[in-house]
Amino acid sequence: KRFCPTYAYPAASLVNGAQYVSAEDCSGCLSDTAIQLLQASQQYVDLGTTSVGGDITVMAWVYFFSLVEHQRVFGFSDVEANTAAKQGGNIGLSFYGSNLAYFHFRTGVDVSLIHSPSVQVLLNTWAHVAVSFDSTSLVSSMYLNGVLVDANGISASPLPLISRRQSYLGRDSYNAGTYANMKIADFRWYQRRLSDAEIAASFAGED
C-alpha cells in the first residue's frame, strides 16, 4: 500500500484543510508532491479502514515544521478509545518534543516499543523514517535515512491482522488532541518485514 498522489489509497481524504504541496526539494521522494499538515488547524489524512498486522513495515518521508509533544506520523487502530483491553489496540509512530521517536502498539495489553534514534530528525529538512515488526522473533526495528538505528525485542503476542477503522496520518488514532506539524510524502506500509537492503533502497529513491 502507498499514499502519495500517484498511487493514492482509494479511501483517503484530507481533513480540515490539509493540502498537497510541492516535494521537489525531497531528493529521495518518488513523488514530487507531499501532504502538508498544520497542527494549529488540526489537519490530518483519514485513510479509512485498513487491514494491518502480522509482519509489517511502515515508512515515509517526513518534514517537521516544529517538534511538539506526541506528534504522530501515523496511527492505526480498531478502537475509538484508549482501551488496552481491546484486542489489536493501536499501532503508531510518534515524535516527541524531546526529539525521541516512539514506535508502539497494543495487543490486548499495553505494550510499547520505544526507540531513541542516535541521529536526530532535524527541523525544516526531509528525513526518511521506517519501522518494522517481525511477528516470529517479536523484534521491532527503526530506520532513519536508510540506516538501522535501533531494534528491540519484547515478550508479547504477535500483532493481529485485523481491520482498523481509525487509520490516520498526522493524528493519533484514539486521542483527537494530538496532531502533527509536518509534511509527509511517499507513505507506505507492507504486510512483511522488509530487509535492511530494501529499506536502504527506498531511502535512495528506488521503487
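Calculation rules
- Residues numbered from 1 in each chain as written.
- Predicted model: local features only at pLDDT ≥ 70, side-chain atom pairs only at ≥ 80, totals over all residues.
- Heavy atoms only, no water.
- Disulfide = S-S within 2.5 Å.
- Buried < 20%, exposed > 50% of the residue type's maximum accessible area, 1.4 Å probe, protein only.
- Core = buried A, V, L, I, M, F, W, Y, C linked by side-chain atoms within 4.5 Å.
- Helix = DSSP H or I, 4+ residues; strand = E, 2+ residues; numbered from the N terminus.
- Polar contact = N/O pair within 3.5 Å; in protein donor to acceptor, adjacent residues only side chain to side chain.

Caption draft 1: Structural context of the state of the cysteines. Counted under the stated rule, the structure contains one disulfide. Across the disulfide, Cys 26 is cross-linked to Cys 29 (sulfur-sulfur distance 2.1 Å). Taking the torsion about the S-S bond as the criterion, the Cys 26 to Cys 29 disulfide, at about 75 degrees, is right-handed. We note that Cys 26, like Cys 29, is buried.

Caption draft 2: Local environment of the nonpolar core. Counting residues in hydrophobic clusters, the biggest one holds 37 residues, and the most contacted among them are Val 62, Val 73, Phe 74, Leu 93, Ile 184 and Phe 187. When residues of this core are traced back to their parent elements, those giving at least two are β4 (33-37), β7 (56-64), β8 (71-77), β9 (90-95), β10 (101-106), β12 (126-134), β13 (139-144) and β17 (182-190). Counting residues in each nonpolar core, the second largest holds nine residues, with Ala 23, Ala 34, Trp 61 and Tyr 63 among its members.

Caption draft 3: Highlighting the side chain of Arg 188. Here Arg 188 is to be found in strand β17. Among the residues examined, Arg 188 registers a relative accessible area of 3% and is labelled buried. Within the structure, the side chain of Arg 188 is placed 2.8 Å from the side chain of Tyr 190, a separation counted as a polar contact.

Caption draft 4: Local environment of the environment of Gln 42. The residue Gln 42 is located in the loop between β4 and β5 (44-46) in this model. Through-space distance from the C-alpha of Gln 42 to that of Arg 171 is 8.3 Å; in sequence the pair is 129 residues apart.

Caption draft 5: Structural detail: unusual backbone geometry. Of note, Asn 16 is a non-glycine position whose phi angle comes to about 60 degrees, a positive value. Position of Asn 16 among the secondary structure elements: in the loop between β2 (13-15) and β3 (19-22). On the basis of relative accessible area, Asn 16 is assigned to the partly exposed category, the value being 43%. For Leu 138, which is not a glycine, the phi torsion comes out positive at approximately 55 degrees. Of note, Leu 138 is situated in the loop between β12 and β13. Judged by relative accessible area, Leu 138 falls into the buried class, the value being 14%.

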